[in-house]
Amino acid sequence: MSTFTPCKGKTACRDDGEKCLTCGRSFAEIEQTRVMIDALAEFIIAQGYENVGEFAAYVADKVEKKVKYRRETGLLLDV
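A short tour of the structure in this document, coming up. (Residues numbered from 1 in each chain as written. Predicted model: local features only at pLDDT ≥ 70, side-chain atom pairs only at ≥ 80, totals over all residues. Heavy atoms only, no water.)

Structural notes on the overall build of the protein chain
On a plain count of helices and strands, the protein chain comes out with two helices and zero strands. Relative to a compact globule of 79 residues, whose C-alpha radius of gyration would be 12 Å, the protein chain shows 15 Å and is clearly more extended. When its C-alpha atoms are laid out on the principal axes, the protein chain stretches across 40 × 35 × 15 Å. By element, 57% of the accessible surface of the protein chain is carried by carbon and sulfur atoms, the whole surface being about 6,900 Å². Once the 12 positive and 13 negative side-chain charges of the protein chain are each reduced to a mean point, those two points are 4 Å apart. (Helix = DSSP H or I, 4+ residues; strand = E, 2+ residues; numbered from the N terminus. Rg over C-alpha atoms; globule rule 2.2 N^0.38 Å. Areas by Shrake-Rupley, 256 points an atom, 1.4 Å probe, with all protein chains shown as cover. Lys, Arg positive; Asp, Glu negative; His and termini not counted. Charge placed at Lys NZ, Arg CZ, Asp CG, Glu CD.)

Quick look at the pattern of salt bridges
For the structure on display, the rule yields one salt bridge. For Asp61, the salt bridge is made with Lys65, and the minimal N-O distance between the two is 3.2 Å. Note that Asp61 and Lys65 are positioned in helix α2 (residues 52-73) at a spacing of four residues, about one turn of the helix. (Salt bridge = Lys/Arg side-chain N within 4 Å of Asp/Glu carboxyl O.)

Notes on the packing of helix α1 (residues 27-47) against α2
For the pair α1 and α2, the least separation of the axes is 11 Å and the interaxial angle reads 135°. Considering their axes alone, α1 and α2 lie oblique with respect to each other. Crossing handedness for the pair α1 and α2: right-handed. Contacts from Leu40, Phe43 and Ile44 in α1 reach Val52, Phe55 and Val59 in α2. Class assignment for the residues of the contact of α1 with α2 results in six nonpolar, no polar and no charged. (Axes fitted to C-alpha atoms, helices over the stretch in contact; angles between N-to-C directions. Parallel < 35°, antiparallel > 145°, perpendicular 65-115°, else oblique. Left-handed = near helix turned anticlockwise from the far one by under 90°. Contact = heavy atoms within 4.5 Å. Nonpolar A, V, L, I, M, F, W, Y, C, P; charged D, E, K, R; others polar.)

Considerations on the packing of aromatic side chains
Taken as a whole and assessed by the stated rule, the structure comprises three aromatic pairs. Ring centres 6.2 Å apart and planes at 75° place the aromatic pair Phe43 and Tyr49 in the edge-to-face group. The partly exposed category is assigned to Tyr49, whose relative accessible area is 33%. On the numbers, 5.4 Å between centres and 40° between planes, the contact of Tyr49 with Phe55 is tilted. Taken together, Phe43, Tyr49 and Phe55 form an aromatic cluster joined through their ring pairs. (Phe/Tyr/Trp six-rings, centres within 6.5 Å; stacked < 30°, edge-to-face > 60°. Buried < 20%, exposed > 50% of the residue type's maximum accessible area, 1.4 Å probe, protein only.)

Rendered as structure tokens:
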């Protein structure tokens, strides 16, 4: 397993053509993360939610529980 390092912002990003040298993530991983975040943002806007923080906390909690469950039960996805 690896450890996630959050982005420090586009001004801090340095690359070697394949990955960010600041956070160590590949450009593919960074792009996939951006796509998922954008999809969640669009969903929130489409639903008209005013309590964005509460929704984000709910999603974060659910994702953490789902990953923990899948790791414990061996229900891992082939990526």
